[in-house]
Each structure stands twice: as C-alpha cells, then as structure tokens.
Amino acid sequence: MNLDNASTTITQKYVIVYASRYGSTAEIALRIGNILKTHGLEIDILPVAQATNLESYSGAILGSPIYSGEWAQDMIQFMNTQKAVLQPIPVAIFTTALRLRDNSEDMRQAVLGTLYPYSIQLKPIAIGLFAGALDYQKLSPIVHLQLKSKNLPEGDFRDWGQIEAWAHTLPDLIESAHSVR
C-alpha cells in the first residue's frame, strides 16, 4: 500500500452549547443546529450543564441570554473551565436579550459591550445578537414580579429570519477559521 496516495477522511464535529432558563435560547440553539446540519456539518446541541468534555469537537457555538446585564452564570462558569479547549478552535457566540427587541444600534452596541469580556477570551469568528422572548407564565412568582415592575413587555421578539441568516453564514466562517489555524 502506497501511503503517499492513501486518503484519510477526518470527520469534524461541532457543538452548540447553550444556557437557557425558560427555553427561548434553547429554541434558537436548536434552530441554528438544524441549519448547520443542512450544510452537512455534524452537530451536537447541548445544554451547558451537559457539556462537560469538548475535546472531540473541531469548533463550538456558545449561546446564552443576558440576565441583569451579563450572560447566564452557568455559561460564564463553563467558559472559564473550558477556556483551554475553546481558545484553539473556532468559536462563535450568540446572545439573546429582550432589550434587542427594537434592534437599535445603541442597544446592539450596549449588548456588544456586555459580551466584550467573552470576546476577548474567545476571539469569536461570529457574534449573533438576537431579541429574546418573555412569557410571564414560565417565570417564578418572584421573577415575574421583578420583571413586571420594570414594565418589560411580554411576547416573542425573536426574528427567526435574522437568526437563520446568521446561522447560514457560519459554515463559511468555520471553514475560513480552520484554513488559517
């Protein structure tokens, strides 16, 4: 057997890790994963609590809502413990925030500011900023009262077209990131 002509196929596998208290961010992670699968990527979609070993993945997409001005604590803890595994691979991040419902440039910049510390750590190939959803029926009574006192409107403000468009950009960005590493 001539080893010079032997071809080896390396399967690259990617993971989407998400934090989600009430399901909105989880639904976005699932939609992104399904789109990436249509591009031929092998994808695992995991809640942050189940994402314990990332060493077999060639890239990652991390998603978290913003609560009280920062990412969910379980996602922050995850990034800190997985930093050594995440830094050498392509990583994209996305976030959901109710304050993005008006999609103003000021709000987008404010949310990017919230993500800045994670961007410094991970140097993401893409950042997705998406409005979230608020269903008062899913909240604990205390959280319900807290958010109601802030006059936050109930509703689903996610722009699925925007989310899907962002997801469709990821395969090319991942490929480009692999070619420069």
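Definitions and cut-offs
Residues numbered from 1 in each chain as written. Predicted model: local features only at pLDDT ≥ 70, side-chain atom pairs only at ≥ 80, totals over all residues. Heavy atoms only, no water. Bend = angle between axes of the 7 residues up to and from the residue. Helix = DSSP H or I, 4+ residues; strand = E, 2+ residues; numbered from the N terminus. Buried < 20%, exposed > 50% of the residue type's maximum accessible area, 1.4 Å probe, protein only. Contact = heavy atoms within 4.5 Å. Salt bridge = Lys/Arg side-chain N within 4 Å of Asp/Glu carboxyl O. Phe/Tyr/Trp six-rings, centres within 6.5 Å; stacked < 30°, edge-to-face > 60°. Core = buried A, V, L, I, M, F, W, Y, C linked by side-chain atoms within 4.5 Å.

## As for helix α2 (residues 73-86)
At N80, α2 shows its maximal bend, which comes to roughly 45°. Within α2, the full set of buried residues consists of M75, I76, F78, M79, Q82, V85 and L86. Taken together, the buried residues of α2 touch β1 (13-18), β3 (59-67), β4 (70-71), β5 (91-97) and α3 (105-122).

## Observations regarding the pattern of salt bridges
For the coordinates displayed, the defined rule picks out 5 salt bridges. K13 serves as the salt-bridge partner of E42, at 3.9 Å between the closest nitrogen and oxygen. Residue E42 is found in strand β2 (residues 42-47), and its partner K13 is found in strand β1; the two are separated by 29 residues along the sequence. A relative accessible area of 37% means that E42 is categorised as partly exposed. Salt bridges here are not isolated pairs; linked through shared partners, they connect K13, E42 and D44.

## Examining the packing of aromatic side chains
In the structure shown here, the tally under the stated rule is 4 aromatic pairs. Taking 6.2 Å as the distance between ring centres and 65° as the angle between the ring planes, the aromatic pair formed by F94 and W166 counts as edge-to-face. Of this pair, F94 sits in strand β5 while W166 sits in helix α5 (residues 160-180), placing them 72 residues apart in sequence. Here the two residues F94 and W166 agree in accessibility, since each one is buried.

## Concerning the nonpolar core
Counting 30 residues, the largest nonpolar core has V17, L54, L62, W71, M75, F78 and L86 as the members making the most contacts within it. Every element with two or more residues in this core is listed here: β1, β3, α2, β5, α3 and β6 (126-131). For V17, the residues in contact, after removing those within four places along its chain, are L46, V48, A51, L54, I61, L62, G63, M75 and F78. Counting 22 residues, the second-largest nonpolar core is a separate cluster that includes I16, A92, F94 and L170.

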